[in-house]
Amino acid sequence: MAFVGKASTDRFWNEHMETLDGEALWQLEEERLRWQVQWVWERSPFYRQKLSAAGIDPAGLRRADLARLPFTTKEEIRRTQEEHPPLGGHSCVPFSQVVRVHASSGTTGRPTLVGATANDVAMWRELVARCMWAQGVRPGTRAWVALSMGWWIAGISFCEGLQHMGATVLPAGNTELTRTLAVVAQTGVDYMISTPSFALYIARFAQERGIDPASLGVRHMGLGGEPGAGIPEVRRLLEETWGCKVYDCMGTADFCTVIWSECEVQAGMHFLGQGLIIPEVIDPASGKPLDPAPGATGELVYTAIQRECVPLLRFRIGDVVRVEGTGRCDCGRTGWRIRCIGRVDDMFIVQGVNVYPSAVADVVSSFRPRTTGELQIRLPGQGPQVEPPVHILVEHGQTPGDLETLRQELEAALRERLLFRAQVELVPPGTLAAQGSMKRQLVVRGGR
Ligand SMILES: [Zn+2]
């Protein structure tokens with residue numbers, strides 16, 4: 001049905017798109033950007049008003065005009081969904097054409113919805129397939145989907161994309177782990193897609209029942225949803241625990257569950273949404289686009305160029321990334337490569353030094369096995385400015401040695417490597433570990 005007969009020896013899922021050179025990609029993006037802007041102009045009062053206010057004429061739009069389009073923010077989407085339920089003023093199709101709705105938790109308690117037409121869902125399948133192929137998934141791969149299957153876009157979208165490739169899907173979800181481990185032992189398994197937090201949770205769950213995670217047979221694992229697989233020490237922990245190769249990948253519910261993935265070279269996550277999405281990196285303070293050259297660090301902005309239901313133009317997603325490489329990779333793919341550093345909202349500033357929780361996690365994990373790698377950064381209030389010392393809870397390991405020495409060494413390492421003063425408080429193993437949630441909360445704000 002969905003299986004399209006790709007040969008396992010093929011190097012790419014979609015060779016044409018994944019290896020486009022700069023000039024050909026630019027032309028394709030120009031054509032599709034013009035289509036997309038025309039699409040929203042005709043169907044979305046929300047965008048028609050924004051584009052008119054910015055003096056944009058969709059008919060003559062060029063690829064070079066992208067930076068002239070106004071940004072769209074999460075706050076605007078939240079507001080327009082309240083004013084124009086259910087999907088908002090950026091929705092471009094009647095609700096009868098929506099084949100699926102996903103919902104994020106939303107910070108104010110009211111969920112943010114994302115809808116998709118049949119064509120949008122087909123686009124998701126295509127993009128999942130490009131990314132999973134880069135991670136070594138092939139027709140016949142036994143793929144364990146260890147992601148929640150509910151409102152979150154990830155679970156069902158990965159199941160569909162993997163099935164589309166001809167993989168054998170084990171839709172395990174994030175509950176009934178005892179049954180899951182039994183099924184995996186019965187069927188065998190080659191690959192797992194999950195989040196770093198949940199992969200570590202499954203490993204602990206298995207170990208507590210006398211099962212070595214490495215004995216389950218997973219040879220490769222895709223992890224996304226939060227930084228982790230891209231943090232060297234966290235990746236090492238995951239690879240050692242599971243005895244497999246870990247691939248970092250990343251997406252967003254507003255565009256597709258996965259848009260970037262590492263290839264076998266693992267030199268950053270490739271952009272694989274060619275012809276579907278245009279990514280930009282901007283300076284978060286000034287909003288100016290940055291040249292995506294190696295080393296450039298900024299906030300990701302996405303523009304949909306082939307979306308029917310809820311297309312977003314220059315959407316500020318809030319992820320901060322560093323460009324790792326451009327040009328053709330040894331794997332043959334041409335999409336530029338990034339590493340996710342963290343969320344704009346999670347960054348804090350200590351006496352002029354920008355600190356990302358993922359960098360703190362890297363330092364804490366480098367003390368394994370004296371630490372478990374689990375930590376929680378306690379910030380006193382809202383806003384990025386934080387007075388030192390920064391209060392950080394760290395789980396010590398089962399054999400930490402002298403606790404006072406460990407505490408002092410952690411504080412010294414944070415000061416030397418990340419240039420801020422911390423006050424580390426050691427807590428017993430198991431105190432902070434997420435109990436089966438998909439993502440861990442590294443930062444807690446608002447007092448102790
Ligand atoms: Zn590559």
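The structure under discussion appears in the preceding block.
As a starting point, this report considers the structure included with it. Since this is a predicted model, take the numbers as computed values, not measurements.

**Focus: the coordination of the zinc ion**
Okay, step 1: The zinc ion binds to the protein through C263 (SG), H270 (NE2), C329 (SG) and C331 (SG); the donor distances cover 2.1 to 2.3 Å.
Okay, step 2: Because the angles between the four donor atoms bound to the zinc ion fall within 102 to 118°, the donor set is best described as tetrahedral.
Okay, step 3: Each donor residue of the zinc ion belongs to the same chain, with the gaps between them written as C-x6-H-x58-C-x1-C. Within this pair, whereas C263 is found in the loop between β8 (256-261) and β9 (269-271), its partner C329 is found in the loop between β13 (315-325) and β14 (337-343), the two being separated by 66 residues in sequence. Take C263 and C329: they sit in the same class, and that class is buried.

**A closer look at the nonpolar core**
Okay, step 1: Counting 129 residues, the largest nonpolar core has W144, L162 and W242 as the members making the most contacts within it.
Okay, step 2: In terms of residues, this core owes the most to one element, helix α5 (residues 118-134), which gives ten residues.
Okay, step 3: Residues in contact with W242, not counting those within four places in the same chain, are W144, M192, A199, I202, A203, P213, A214, L216, V218 and M221.

**Some remarks on the packing of helix α10 (residues 357-365) against helix α11 (residues 403-418)**
The description of two packed helices rests on the angle between their axes and on the distance between the axes.
Okay, step 1: Running from N to C, α10 and α11 point in directions that differ by 135°, and their axes come no closer than 10 Å. The angle between α10 and α11 falls in the class oblique. Here the hand of the crossing between α10 and α11 comes out right-handed. Side by side, α10 and α11 meet where A359, V360, D362, V363 and V364 of the first sit next to L410, A413, L414, R417 and L418 of the second.
Okay, step 2: Residue classes in the contact of α10 with α11 are distributed as eight nonpolar, no polar and two charged.

**A look at helix α7 (residues 177-187)**
Okay, step 1: Taken together, the buried positions of α7 are occupied by L177, T180, L181 and V184. Burial along α7 is one-sided: seen end-on, the buried residues are contained in an arc of 95°. Of the exposed residues in α7, the ones pointing more than 90 degrees away from its buried face are T178, R179 and Q186.
Okay, step 2: Among the residues trailing α7, G188 stands out with phi positive, at a value near 80°.

**Some words on the pairing of β13**
Okay, step 1: Here β13 lies mainly inside the structure; eight of its eleven residues are buried.
Okay, step 2: Bridge count for strand β12 (residues 297-304) against β13 is five bridges, and the pairing is antiparallel. Pairing of Y302 across the sheet is with F315, part of β13.
Okay, step 3: Two strands pair when backbone bridges link them, and β13 and β14 are joined in this way by six bridges, in the antiparallel orientation. The partner of V323 across the bridge, within β14, is I338.

**Concerning the pairing of β8**
Where a strand is regular, its side chains alternate between the two sheet faces.
Okay, step 1: Within β8, six of the six residues are buried, leaving the element largely enclosed by the surrounding structure.
Okay, step 2: Bridge count for strand β7 (residues 245-252) against β8 is three bridges, and the pairing is antiparallel. Residue pairing across strands places C249 opposite S261, the latter belonging to β8.
Okay, step 3: Hairpin connection, β7 to β8: the antiparallel pair is bridged by three residues.
Okay, step 4: Bridge count between β8 and β9: two bridges; the pairing is antiparallel. From the neighbouring strand, S261 faces β9, where its bridge partner is H270.

**Here's the deal with the sheet that holds β7**
Okay, step 1: An order of β4-β3-β5-β6-β7-β8-β9-β14-β13-β12-β10-β11 is seen for the twelve strands of this open sheet, with the pairing classed as mixed. Edge positions in the sheet fall to β4 (168-170) and β11 (289-290), since each has one partner strand and no second.
Okay, step 2: The pairing of strand β5 (residues 191-194) with strand β6 (residues 220-223) spans four bridges and is classified as parallel. Looking at the pairing, I193 lines up with G222 of β6.
Okay, step 3: Lying on the sheet, helix α6 (residues 153-165) is in contact with β3 (142-145), β4, β5 and β8; it crosses β8 at an angle near 65°.

**Structural notes on the pattern of salt bridges**
Okay, step 1: According to the stated counting rule, one finds 33 salt bridges in the structure shown.
Okay, step 2: Note that K6 and D10 form a salt bridge whose closest N and O atoms lie 3.4 Å from each other.
Okay, step 3: R333 is the partner of E18 in a salt bridge, and the nearest nitrogen-oxygen pair spans 2.9 Å. With E18 in helix α1 (residues 15-18) and R333 in the loop between β13 and β14, this pair connects stretches of sequence that are 315 residues apart.
Okay, step 4: The class for E18 is buried, based on a relative accessible area of 0%.
Okay, step 5: By relative accessible area, which is 2% here, R333 ends up buried.
Okay, step 6: When salt bridges with common partners are traced through the structure, they connect R235, D248, E262 and R339 into a single cluster.

**As for unusual backbone geometry**
Okay, step 1: The linkage connecting P85 with the following residue, P86, adopts the cis geometry, with an omega of 0°.
Okay, step 2: Relative to the elements of secondary structure, P86 occurs in the loop between α4 (74-83) and β1 (100-104).
Okay, step 3: In this model, P388 is joined to P389 through a cis peptide bond whose omega is 0°.
Okay, step 4: Looking at the secondary structure, you find P389 in the loop between β18 (385-386) and β19 (390-396).
Okay, step 5: Positive phi, normally seen in glycine, also occurs at E176, with a value near 50°.

**A look at the sheet that holds strand β20 (residues 422-427)**
Okay, step 1: Judged by pairing direction, the sheet is mixed, and its four strands sit side by side in the order β20-β19-β17-β21 without closing on themselves. Two strands in the sheet have a free side with no partner beyond their single neighbour: β20 and β21 (443-445). Adjacent strand axes in the sheet meet at a mean angle of 25° when their direction is disregarded.
Okay, step 2: Direction of pairing for strand β17 (residues 371-379) relative to β19: antiparallel, over a ladder of five bridges. Directly across from Q376, in β19, lies its bridge partner L393.
Okay, step 3: Sitting on the sheet, α11 touches β17, β19 and β20, and the angle it makes with β20 is about 145°.

Procedures and definitions
- Residues numbered from 1 in each chain as written.
- Predicted model: local features only at pLDDT ≥ 70, side-chain atom pairs only at ≥ 80, totals over all residues.
- Heavy atoms only, no water.
- Donors = N, O, S within 2.8 Å, 3.2 Å for Na, K, Ca; no water.
- Tetrahedral: all angles 85-135°; square planar, octahedral: opposite > 155°, others 65-115°.
- Helix = DSSP H or I, 4+ residues; strand = E, 2+ residues; numbered from the N terminus.
- Buried < 20%, exposed > 50% of the residue type's maximum accessible area, 1.4 Å probe, protein only.
- Core = buried A, V, L, I, M, F, W, Y, C linked by side-chain atoms within 4.5 Å.
- Contact = heavy atoms within 4.5 Å.
- Axes fitted to C-alpha atoms, helices over the stretch in contact; angles between N-to-C directions.
- Parallel < 35°, antiparallel > 145°, perpendicular 65-115°, else oblique.
- Left-handed = near helix turned anticlockwise from the far one by under 90°.
- Nonpolar A, V, L, I, M, F, W, Y, C, P; charged D, E, K, R; others polar.
- Arc of directions from axis to C-beta.
- Pairing = 2+ DSSP bridges.
- Salt bridge = Lys/Arg side-chain N within 4 Å of Asp/Glu carboxyl O.

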